[in-house]
Amino acid sequence: GVILPSFMIIILVSLLLGAFRGNVFVDGALTGIKACVAGLIVLAGIRLGKEILKDPFSWVIAAAAFLIVACIGLNVVYVIIAAALAGIVYNQVAQQRGES
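Residues numbered from 1 in each chain as written. Predicted model: local features only at pLDDT ≥ 70, side-chain atom pairs only at ≥ 80, totals over all residues. Heavy atoms only, no water.

What to know about the overall build of the protein
Step number 1: In terms of regular secondary structure, the protein is built from 4 helices and 0 strands.
Step number 2: Listing each helix as α and each strand as β along the protein from the N terminus yields α-α-α-α.
Step number 3: The globule rule puts the C-alpha radius of gyration for 100 residues at 13 Å, and the 21 Å found for the protein is more than 25% above it.
Step number 4: The principal-axis extent of the C-alpha atoms belonging to the protein is close to 65 × 35 × 25 Å.
Step number 5: Among the 100 residues that make up the protein, the fraction classed as buried is 4%.
Step number 6: For the protein, the exposed surface amounts to about 8,500 Å²; the carbon and sulfur share of it is 75%.
Step number 7: Averaging the positions of the 6 positive and the 4 negative side-chain charges in the protein gives two centres separated by 8 Å. (Helix = DSSP H or I, 4+ residues; strand = E, 2+ residues; numbered from the N terminus. Rg over C-alpha atoms; globule rule 2.2 N^0.38 Å. Buried < 20%, exposed > 50% of the residue type's maximum accessible area, 1.4 Å probe, protein only. Areas by Shrake-Rupley, 256 points an atom, 1.4 Å probe, with all protein chains shown as cover. Lys, Arg positive; Asp, Glu negative; His and termini not counted. Charge placed at Lys NZ, Arg CZ, Asp CG, Glu CD.)

A few points about the layout of surface pockets
Step number 1: One number sums up the size of the largest pocket: a volume of about 330 Å³.
Step number 2: The wall of the largest pocket is formed by 13 residues, among which Leu-48, Gly-49, Ile-52, Leu-53 and Ala-62 lie closest to the centre.
Step number 3: Among the secondary structure elements, those contributing two or more residues to the lining of the largest pocket are α2 (24-52) and α3 (56-72).
Step number 4: Looking at which element gives the most residues to the lining of the largest pocket, the answer is α2, with 6 residues.
Step number 5: Its residues assigned to classes, the lining of the largest pocket comprises 10 nonpolar, 3 polar and no charged. (1 Å grid on protein atoms, 1.4 Å probe; cavity = no way out; pocket = protein on both sides within 12 Å on 5 of 7 lines; lining within 4 Å. Points joined across faces, edges and corners; volume = space filled by probe spheres on them. Nonpolar A, V, L, I, M, F, W, Y, C, P; charged D, E, K, R; others polar.)

Here's the deal with the packing of aromatic side chains
Step number 1: Scanning all chains against the criterion turns up 1 aromatic pair.
Step number 2: On the numbers, 4.0 Å between centres and 5° between planes, the contact of Phe-57 with Tyr-90 is stacked. Taken as a pair, Phe-57 in helix α3 and Tyr-90 in helix α4 (residues 76-99) lie far apart in primary sequence, 33 residues in all.
Step number 3: Residue Tyr-90 is classed as partly exposed on the basis of its relative accessible area of 37%. (Phe/Tyr/Trp six-rings, centres within 6.5 Å; stacked < 30°, edge-to-face > 60°.)

Description of a nonpolar patch on the surface
Step number 1: Residues Val-2, Ile-3, Leu-4, Phe-7, Met-8, Ile-11 and Leu-15 make up a contiguous nonpolar surface patch of about 770 Å² in total accessible area.
Step number 2: Along the chain, Val-2 falls in the segment before α1 (3-19).
Step number 3: On the basis of relative accessibility, which here comes to 71%, the residue Val-2 falls in the exposed class. (Patch = residues over 30% accessible without salt bridge, like charges linked within 9 Å, V, L, I, M, F, W, Y side chains within 5 Å. Salt bridge = Lys/Arg side-chain N within 4 Å of Asp/Glu carboxyl O.)

Some points on α3
Step number 1: Look at α3: 23 Å from first C-alpha to last across 17 residues, which is about the 24 Å you get at 1.5 Å a residue.
Step number 2: Positive backbone phi, at 85°, marks Gly-73, one or two positions downstream of α3. (Expected span 1.5 Å × (residues − 1).)

In structure tokens form, the structure reads like this:
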């Protein structure tokens, strides 16, 4: 009920866009939409970053993940798994230091 309507709309739009490929007006509209989507993604990243990046460890992990994906091109799934493992290890070490 939640996914099917969106999926059907995306299929319909992709079929319609195929029919209008090469149209100057459609290409211009899509260029504007791409710019808007890029801005919305940046805004979402900034808002999420304000809530999540509160300590130096979080900043280091976020910067390292960005650099690894952007410069090396490693698959995002592997970066997420590595960051999760690093977070688990960091929290375990922090708890052991606090209990000692």
